[in-house]
Amino acid sequence: MTTEVAVLGAGMHPWGKWGRGFVEYGVAAARAALADAGIAWRDVGSIVGADTVRGGYPGYVAGATFAKALGWQGARVASVYAACASGAQAIGTARTQILAGMADVVLVVGADAAPKGFFRPAGGDRPDDPDWLRFRVLGATNPAYFGLYARRRMAVHGDTLDDFAQVKVKNAAAGALNPNARYRKPVAVEEVAASAVVADPLRLLDICATSDGAAALVLSSMDFARRHGAADPVRIRAVSTVTPTYPTTVLDLPDIATDSAAVVAPADGTFRASIARAAYEEAGIGPEDISLAEVYDLSTALELQWYEDLGLCGEGEGAKLLRDGVTASGGRVPVNTSGGLASFGEAVPAQAIAQVCEVTWQLRGTAGARQIEGARVGVTANQGLFGHGSSVVAVR
Amino acid sequence: MVDNWFAGEGDDFRLLGTRCAACACVFFPREDGFCRNPGCAGGELAEVPLSRRGRVWSYTDGRYRPPAPYVSDPELPWEPYTLIAVELEAERMVVLGQAVPGVAVTDLEVGMEVEVVPGVLNEDNGTTWTTWHWRPVEVGA
Ligand SMILES: [Zn+2]
């Protein structure tokens with residue numbers, strides 16, 4: 001298939017609060033991915049960096065920053081910012097270059113050094129910025145939106161606080177087996193219930209933390225992979241980076257209101273569902289083909305939403321899928337075998353790349369203690385501020 | 001800060017959006033520069049008041065102090081506020097806002113009727129920043 005690229009290497013810097021700069025994390029992840037691929041940095045034809053807004057100017061031009069740190073060697077460079085979907089757009093950019101014949105081997109890097117506590121908008125008085133406005137006018141933090149979604153699911157689908165807590169229990173159990181995860185302790189339902197309410201109905205352990213961390217991939221053309229001795233590499237078959245369709249009818253960060261659907265009828269399905277649909281169409285597969293999924297569990301309740309948006313179950317059936325053990329390790333479609341954001345925390349430009357790292361290791365059968373059986377097709381899903389969608393399909 | 005997002009006193013208080021003269025799409029917060037309907041070549045955008053009442057789509061609260069630019073006195077203990085997302089039937093849109101002070105999440109249910117009322121966001125050296133609040137119709141109406 002002409003749309004495929006090979007994943008030659010995957011690497012991470014462990015996630016946590018390390019107190020160092022994002023460049024250091026990114027370089028460590030890049031070197032790990034290059035070593036995994038068996039590729040020298042000098043042989044990389046292009047580098048794509050996923051940007052971090054917290055790294056100042058070097059963070060805005062992350063591609064060049066990582067290239068300089070690794071040693072200028074003349075590679076083509078690109079830097080992309082798409083909020084939480086930055087990593088997927090970096091992968092998409094690399095894939096496009098490879099498929100267009102502009103580069104044989106591309107290094108993709110995302111890294112962040114996140115602040116403690118709530119994410120906050122950039123400084124200054126900027127009433128033309130929706131992200132600034134939602135904080136100034138409403139005090140609406142990210143968890144406030146997660147709370148709104150969670151409460152809505154409880155009212156519409158009958159999800160319970162216990163269902164939400166069970167997502168954390170599942171992901172913490174997986175994260176406990178992952179040496180790159182920040183939180184490596186199993187969590188019991190009672191601990192979730194005993195943690196402080198942040199944004200009703202969600203508690204501290206329902207919501208992911210902010211972290212430092214990095215992830216990197218070495219991608220190549222299929223021809224190069226064969227010449228390089230990788231006869232049967234993990235292949236990326238689809239990268240979805242679709243935008244929403246007007247009118248959007250689900251209140252999303254950082255918006256104060258949805259679009260009006262009074263004049264223009266909304267499209268079938270939500271934006272999140274359209275992200276997955278585009279990936280499936282491009283990959284020529286359906287949800288029934290999926291062996292595992294890495295989804296964006298900013299909150300426990302949001303993971304249940306993704307089950308439905310990925311078509312792993314029908315609308316409103318996410319909690320049932322969880323209760324039936326389908327999404328647990330050993331279930332029919334394990335979700336967040338890495339431990340998810342629940343175990344990693346957010347390192348914004350790195351996380352969509354980290355999702356593909358986990359899928360790669362699972363498809364290779366090298367995921368160690370958290371390895372699931374017989375994985376052939378993995379999907380990732382993620383959504384970023386300002387209408388950025390992201391989903392990657394990888395196959396073996 | 002947010003010029004012309006709302007106007008009026010008492011029962012006449014309304015959120016203000018804009019409506020495209022070409023396609024009739026309504027926008028809140030107001031769009032004054034362009035119509036965001038992809039099927040519209042763009043028309044004049046005129047101010048339009050939004051429905052005064054709607055139904056609770058969802059709600060939550062903020063148990064921790066939000067970061068700046070939200071204004072709160074760090075000397076005072078944090079008082080959680082309640083946020084309500086309200087579905088306006090005529091506009092078929094959901095508008096987020098703080099609940100009037102004193103309304104807690106335990107006072108709310110999805111589907112409950114609420115109305116928009118004037119409120120105070122914060123006061124600072126003699127300047128009062130006004131805003132809109134959602135108030136359950138059953139409470140204090
Ligand atoms: Zn129009």
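- Within an unreviewed UniProt entry, the label attached to chain B reads Benzoylsuccinyl-CoA thiolase, and the organism entered is Streptomyces venezuelae.

- As annotated in an unreviewed UniProt entry, chain A carries the name Lipid-transfer protein and comes from Streptomyces venezuelae.

Some remarks on the overall build of chain B
Here comes step 1: Looking only at helices and strands, chain B features zero helices and nine strands.
Here comes step 2: From first element to last, N terminus to C terminus, chain B shows the α and β order β-β-β-β-β-β-β-β-β.
Here comes step 3: In chain B, which comprises 141 residues, the share counted as buried stands at 49%.
Here comes step 4: Across chain B, contacts joining residues at least 24 apart in sequence account for 51% of those joining residues at least 6 apart.
Here comes step 5: Accessible area for chain B stands at about 7100 Å²; split by element, carbon and sulfur atoms hold 47% of it.
Here comes step 6: The average position of the 11 basic charges and that of the 22 acidic charges among the side chains of chain B differ by 6 Å.

Thoughts on the coordination of the zinc ion
Residues and elements named next belong to chain B.
Here comes step 1: At the metal site, the zinc ion is ligated by Cys20 (SG), Cys23 (SG), Cys35 (SG) and Cys40 (SG), and these contacts range over 2.3 to 2.4 Å.
Here comes step 2: For the zinc ion, the four donor atoms in the first shell make angles of 101 to 114 degrees at the metal, so the coordination geometry reads as tetrahedral.
Here comes step 3: Read from N- to C-terminus, the donor residues coordinating the zinc ion fall into the pattern C-x2-C-x11-C-x4-C. Taken together, the residues cysteine 20 in strand E2 (residues 14–20) and cysteine 40 in the loop between strand E3 (26–27) and strand E4 (45–49) connect sequence positions 20 residues apart.

Here's the deal with the interface of chain B and chain A
Here comes step 1: Contacts between chain B and chain A engage 47 residues on the former and 40 residues on the latter.
Here comes step 2: Each partner contributes to the roughly 3700 Å² buried at the junction of chain B and chain A, and carbon and sulfur atoms together form 65% of this total.
Here comes step 3: When the buried area of chain B at its contact with chain A is split by residue, Trp57, Pro69 and Leu96 of chain B rank highest and sum to 18% of it.
Here comes step 4: Summed over the shared surface of chain B and chain A, the number is one salt bridge.
Here comes step 5: The closest approach of N and O atoms between aspartate 259 of chain A and arginine 36 of chain B, which form a salt bridge, is 2.9 Å.
Here comes step 6: Linking chain B with chain A are 14 residue pairs in polar contact (both at pLDDT 80 or more).
Here comes step 7: Those elements that provide at least two residues to the side of chain B that touches chain A are E3, strand E5 (53–62), strand E6 (81–88), strand E7 (93–99), strand E8 (113–124) and strand E9 (127–136) of chain B.
Here comes step 8: In the side of chain B that touches chain A, the residues fall into 33 nonpolar, eight polar and six charged.

Focus on the pairing of E2 of chain B
Residues and elements named next belong to chain B.
Here comes step 1: The buried count for E2 comes to five of seven residues, which makes it a mostly enclosed element.
Here comes step 2: Note: strand E1 (residues 6–7) against E2, two bridges, orientation antiparallel. Of the residues in E2, the one forming a bridge with alanine 7 is arginine 14.
Here comes step 3: Strand direction decides the pairing type here: E2 and E4, joined by five bridges, are antiparallel. Along E4, the bridge assignment pairs cysteine 20 with leucine 45.
Here comes step 4: One ladder, built from two bridges, connects E2 with E3; its direction is antiparallel.

Quick notes on a nonpolar patch on the surface
Residue and element names in this part refer to chain A.
Here comes step 1: On the surface, a cluster of nonpolar side chains totalling about 510 Å² of accessible area is made up of Val53, Tyr57, Tyr60, Val61 and Tyr81.
Here comes step 2: The topology assignment puts tyrosine 60 in helix H2 (residues 56–60).
Here comes step 3: Of the residues examined, tyrosine 60 reaches a relative accessible area of 43% and is grouped as partly exposed.

Concerning the sheet that holds strand E8 (residues 234–240) of chain A
Residue and element names in this part refer to chain A.
Here comes step 1: In space, the nine strands of this open sheet follow the order E3-E2-E4-E7-E1-E8-E11-E10-E9, with mixed pairing throughout. Every interior strand has two partners, whereas the edge strands, strand E3 (76–80) and strand E9 (292–294), have only one. Averaged over all adjacent pairs, the angle separating strand axes in this sheet is 25 degrees, with direction ignored.
Here comes step 2: The strands touched by helix H3 (residues 62–70) within the sheet are strand E2 (46–50), E3 and strand E4 (105–113), with E2 carrying the most contacts at an inclination of about 125 degrees.

Rules used throughout
Residues numbered from 1 in each chain as written. Chains lettered and ligands numbered in written order. Predicted model: local features only at pLDDT ≥ 70, side-chain atom pairs only at ≥ 80, totals over all residues. Heavy atoms only, no water. Helix = DSSP H or I, 4+ residues; strand = E, 2+ residues; numbered from the N terminus. Buried < 20%, exposed > 50% of the residue type's maximum accessible area, 1.4 Å probe, protein only. Contact = heavy atoms within 4.5 Å. Areas by Shrake-Rupley, 256 points an atom, 1.4 Å probe, with all protein chains shown as cover. Lys, Arg positive; Asp, Glu negative; His and termini not counted. Charge placed at Lys NZ, Arg CZ, Asp CG, Glu CD. Donors = N, O, S within 2.8 Å, 3.2 Å for Na, K, Ca; no water. Tetrahedral: all angles 85-135°; square planar, octahedral: opposite > 155°, others 65-115°. Buried area = accessible area lost by both parts, 1.4 Å probe. Salt bridge = Lys/Arg side-chain N within 4 Å of Asp/Glu carboxyl O. Polar contact = N/O pair within 3.5 Å; in protein donor to acceptor, adjacent residues only side chain to side chain. Nonpolar A, V, L, I, M, F, W, Y, C, P; charged D, E, K, R; others polar. Pairing = 2+ DSSP bridges. Patch = residues over 30% accessible without salt bridge, like charges linked within 9 Å, V, L, I, M, F, W, Y side chains within 5 Å. Axes fitted to C-alpha atoms, helices over the stretch in contact; angles between N-to-C directions.

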